[in-house]
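Structural overview for review
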Amino acid sequence: ADWLDVSTGIAPWSWPVGDVPGEVWARLPEADDGLIPAAAAYYGVSPERLVAVPGSQFAIQTLPALRRPGRVGVPSVGYREHARAWARAGHQLVYYDTPAALVDQVAQLDHAVVLAPNNPLGDMPDTDQLRALAATLGPGRLIVDAAFMDCVDAPPALPASAIVLRSVGKFFGLAGIRLGFVCGPPDALAPLDEAVQPWGVAHPARWIGRRALADTAWQIDQRARIHDGQAWLRDVLAAAQGARIVSGGLFVTALFQNETPAPRWHAALARQGILTRLGDDNRWLRVGLAPHAARARLRAGLQRAGVYPQGR
């Protein structure tokens, strides 16, 4: 209970769930409960192009097994569960460093995974790059993980032929309900829809999700909170020694040229009960947004960890 956990990219402000009626817990999920229309309105797509899943992680783990093994492009630095799932399903991994590099090599691939924006690097493919990738690969073969796109002010246009993963847990601060959506061509989504049936998304998650997705006033306030929290955190980390600071909406990442500073910062903060996310290659440290009440503690912890030059 004494930890300050800023290791995730989940908003520290949650949509106010309130009391869930008893009958919601007592009944099986119902497909005509209004969830898909609410999600279609929120994401700006037609309902027949959406499948509800128990968290976007379910789609990450399931989609590769529904495809014939081939060569798949995955980011060198990014959410590692993508690479793990494709490798487990027998695909050959081809790593790329930037979206531009992926465009250059996409003709030799059967599938590709793009993070928009990248977690933890914060970079975003542009509309032209996404269109080029989708056109070369063909329908349903470009996977766009847009779990953090809710916080992007001017997102790129997503190709209609791509499969797009969206997360309710991150922007709405509701990771515990395990709710996400996959958008794409209906024929490409049919196997995934079959894999999640029957009753793959719990009735309480559907009940809560429908109301959160329709609460536009709260969403406006949430974006303001996130922008404020991101600006504060970028400012706090801007003077960090030897780091390049990037952000992806719900997190800010310090990138390093060698493997020494990030583990040192991570350990020094952990000794103070502040949990961050250390990169798999020890070259980056990701820090999630902190609510106002925790900001003084986080700033002081960074100072004691030696993150800043002497005298700051």
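Each remark here, short or long, concerns the structure printed above.
Below, the structure is looked at part by part.

Conventions adopted
- Residues numbered from 1 in each chain as written.
- Predicted model: local features only at pLDDT ≥ 70, side-chain atom pairs only at ≥ 80, totals over all residues.
- Heavy atoms only, no water.
- Pairing = 2+ DSSP bridges.
- Helix = DSSP H or I, 4+ residues; strand = E, 2+ residues; numbered from the N terminus.
- Contact = heavy atoms within 4.5 Å.
- Axes fitted to C-alpha atoms, helices over the stretch in contact; angles between N-to-C directions.
- Buried < 20%, exposed > 50% of the residue type's maximum accessible area, 1.4 Å probe, protein only.
- Arc of directions from axis to C-beta.
- Polar contact = N/O pair within 3.5 Å; in protein donor to acceptor, adjacent residues only side chain to side chain.
- Core = buried A, V, L, I, M, F, W, Y, C linked by side-chain atoms within 4.5 Å.
- Phe/Tyr/Trp six-rings, centres within 6.5 Å; stacked < 30°, edge-to-face > 60°.
- Lys NZ or Arg CZ within 6 Å of the ring centre and 35° of its normal.

1. Topic: the sheet that holds strand 9 (residues 244–247)
The strand order across the open sheet built from 4 strands is 9-10-13-12, with neighbouring strands paired in antiparallel fashion. On the outer flanks of this sheet lie strand 9 and strand 12 (277–278), each paired with one strand and no other. Here strand 10 (residues 251–255) runs beside strand 13 (residues 284–288); their pairing, made up of 5 bridges, is antiparallel. Bridge pairing links Ala254 to Leu285 in strand 13. Here helix 9 (residues 216–237) sits on the sheet and contacts strand 9, strand 10 and strand 13; the angle it forms with strand 9, its principal contact strand, is near 170°. Most of the contacts of helix 10 (residues 261–270) go to strand 13, to which it runs at about 40°, and overall it touches strand 10, strand 12 and strand 13.

2. Focus: helix 6 (residues 127–137)
The complete set of buried residues in helix 6 reads Thr127, Gln129, Leu130, Leu133, Ala134 and Leu137. Considered in projection along helix 6, the buried side chains sweep an arc of 165° and stay on one side of the axis. Every exposed residue of helix 6 that faces more than 90 degrees away from the buried side is listed here: Asp128, Arg131 and Ala135. On its buried face, helix 6 sits against helix 5 (99–105), strand 5 (111–115) and strand 6 (142–145). With a side-chain oxygen positioned 3.2 Å from the backbone nitrogen of Asp128, the residue opening helix 6 is Asp126. Just downstream of helix 6, Gly138 is the residue with a positive phi angle, here 100°.

3. So, the side chain of His266
Looking at the element boundaries, His266 is found in helix 10. Residue contacts for His266: discarding those within four places in its chain leaves Leu275, Thr276, Leu278 and Leu285.

4. Quick notes on the nonpolar core
Counting 79 residues, the largest nonpolar core has Leu142, Phe172, Phe181, Leu213, Leu233, Leu298 and Leu302 as its most contacted members. With 7 residues, the top contributor of residues to this core is helix 2 (residues 35–43). Apart from residues lying up to four places away in sequence, Leu213 is in contact with Leu35, Ala38, Ala39, Tyr42, Tyr43, Phe172, Phe181 and Gln219. Of all hydrophobic cores here, the second largest spans 19 residues; its members include Val51, Val53, Val72 and Ile163.

5. A few points about the sheet that holds strand 4 (residues 92–96)
Pairing within the open sheet is mixed, and its 7 strands lie in the order 2-8-7-6-5-3-4. A strand with exactly one partner marks an edge of an open sheet, and here the two such strands are strand 2 (50–53) and strand 4. Pairs of neighbouring strands in the sheet enclose a mean axial angle of 20°, with direction left out of account. With 4 bridges connecting them, strand 7 (residues 163–167) and strand 8 (residues 180–183) associate as antiparallel partners. Each residue of the ladder has a partner; that of Ser167, found in strand 8, is Gly180.

6. Some details on the packing of aromatic side chains
For the structure on display, the rule yields 8 aromatic pairs. Where Phe148 meets Phe251, the ring centres are 5.2 Å apart and the plane angle is 85°; that geometry is what we call edge-to-face. Residue Phe148 is located in the loop between strand 6 and strand 7, and its partner Phe251 is located in strand 10; the two are separated by 103 residues in the primary sequence. Considered together, Phe148 and Phe251 belong to a single accessibility category, that of buried residues. Feature note: the residues Tyr42, Tyr43, Phe171, Phe172, Phe181 and Trp218 constitute an aromatic cluster, connected by ring pairs. Sitting above the plane of the Phe148 ring, Lys170 keeps its charged end 5.6 Å from the centroid.

7. Focus: the environment of Gly122
Structurally, Gly122 can be placed in the loop between strand 5 and helix 6. Along the chain, Gly122 and Pro204 lie 82 residues apart, while their C-alpha atoms are 32 Å from each other. For Gly122, the contacting residues outside a window of four places in its chain are Pro117, Ser247, Gly248 and Phe251.

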